[in-house]
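Read off the chains here:
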Amino acid sequence: MIRILTCGGFQNRNPLAYASFRRRLSSELALVDRAEEADLLLISHHMDLELFGTDLYETMARHRHLRLVLLSEEPFWDTGWAEDPFRRDQLYQTPRGTLAYRVLNHQTTGIFRAGHIPYFLLTDPRYLAHYRPLLDRNAGLSVAQWLAHFRSAPLDAAFMGEKRLAERDRIGFAEQDVWGLSWYRTRFAQLCGSDGGRVLRLGKGWVAGPPRQALPDWHADKLAQLDRQCRYLGAFENTHQRDYVSEKIFDAFALGAMPLYFAAPDHAVHRLAGSDGWLNFYATPPVAPVFDPRRPVTLTEAGAYAATQQRLARQLGDPALVRADTDRICAALLSELRWAMAQP
């Protein structure tokens, strides 16, 4: 039994924060409340080192059997805040001494390397529950029906996400083909429709109001607002990393919109969502183009889109695939934590 004390301000954003994974691992690891009971201290953001590094150092000095792990599910945090997001074993200098810690993120481990269903969609059963009726509906539509829908959609394009234009939001690591896309997708949304078109932009910084995460169910709200309302939907991730795929491209398909996405040829999205039925703007370094949302969807594109809808309805509706990917994540996580605990 591995005993883990989660620490810091981001305890709700790592695999052990989600009931679906905790249940699967309940016989092999336990979350504890005191350092003297723990084998591992677990944080989830580099900012936790900056804010609580001295406290962590003093705790580990008192309990020398402890090991420190930074388990991050979010490449945006890794690339925007960490000095080195690509090295597994690192040191952090505090005013009291040096902290040694193991980094487990999308780049340093296979925990998040999905087989059929992305990690994020498995963190809460509501995501797949939201998708299934929409994808089942969409899978029954013909190519001609999709062409008619794309021609008559009330909006040419829609973008839903926070407006971000800070330098941190455009950081890049060319050697690893890892790129911050928050600045890119914001600029893409700004430029889209500059020559005309019906474009909707929603989210913090675009419209007044609280962050969408403050809603009781931000995902259900997005689906309800945009279902069958637009021809194209911005589905860009906040970070381009080969194994990072969130809900965004699946949202677009569920809503009946053609996704606008950014992915290298070796990106996991080609395995998880297929390579057809969406528009790929991959180029390095990322430079947002001027996209005309009035652009008609072609017959070939509509055919690929219809085929992808059918594939996703089968894939995301298959309980065996949900179990297989959940088991794979848990096995990889358990293996990594055991190795971290065994380090001298």
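Scope of this entry: the structure provided in the associated data block. (Residues numbered from 1 in each chain as written. Predicted model: local features only at pLDDT ≥ 70, side-chain atom pairs only at ≥ 80, totals over all residues. Heavy atoms only, no water.)

**Section: the overall build of the protein chain**
This is how it is decided: We count a stretch as a helix when DSSP gives it H or I for four or more residues in a row; a strand needs E for two or more, and each element gets its number in order from the N terminus. Throughout this description, buried means an accessible area under 20% of the type-specific maximum (1.4 Å probe, protein chains only), exposed means over 50%, and partly exposed covers the range between. When checking whether two residues touch, look at their non-hydrogen atoms; a contact exists if any pair is within 4.5 Å. Positive charges are assigned to Lys and Arg, negative charges to Asp and Glu, while His and the chain termini are left out of the count. For charged residues, the charge sits on one atom: NZ in Lys, CZ in Arg, CG in Asp, CD in Glu.
Scanning the protein chain from N- to C-terminus turns up 11 helices and 14 strands. Projecting the C-alpha coordinates of the protein chain onto the three principal axes gives extents of approximately 65 × 40 × 40 Å. Out of the 344 residues belonging to the protein chain, those deemed buried represent 55%. Within the protein chain, contacts between residues separated by at least 24 positions form 76% of all contacts whose residues are at least 6 apart in sequence. Of the charged side chains in the protein chain, 41 are positive and 39 negative, and the gap between their average positions amounts to 3 Å.

**Regarding the pairing of strand β6 (residues 98-104)**
The criterion, for reference: A pair of strands is labelled paired if DSSP reports no fewer than 2 bridges between them.
A large share of β6 lies buried, amounting to five of its seven residues. As paired strands, strand β4 (residues 67-71) and β6 are joined by four bridges and run parallel to one another. Opposite Val-69, over in β6, you have Arg-102 as the bridge partner. As judged from the five bridges shared by strand β5 (residues 89-93) and β6, these two strands associate in the antiparallel manner. Considered in β6, the bridge of Gln-90 is made with Tyr-101. Hairpin connection, β5 to β6: the antiparallel pair is bridged by four residues.

**Considerations on helix α5 (residues 143-152)**
Heads up, the condition is: The arc in question is the one spanned by the directions pointing from the helix axis to the C-beta atoms.
Three or more residues of α5 are buried, namely Trp-146, Leu-147, His-149 and Phe-150. Along the long axis of α5, the arc covered by the buried residues comes to 160°, so they all point the same way. Residues Ala-144, Arg-151 and Ser-152 are exposed on α5 and point more than 90 degrees away from its buried face. Looking at the buried side of α5, the elements it contacts are α4 (125-139), β11 (230-234), β13 (258-261) and α10 (299-316).

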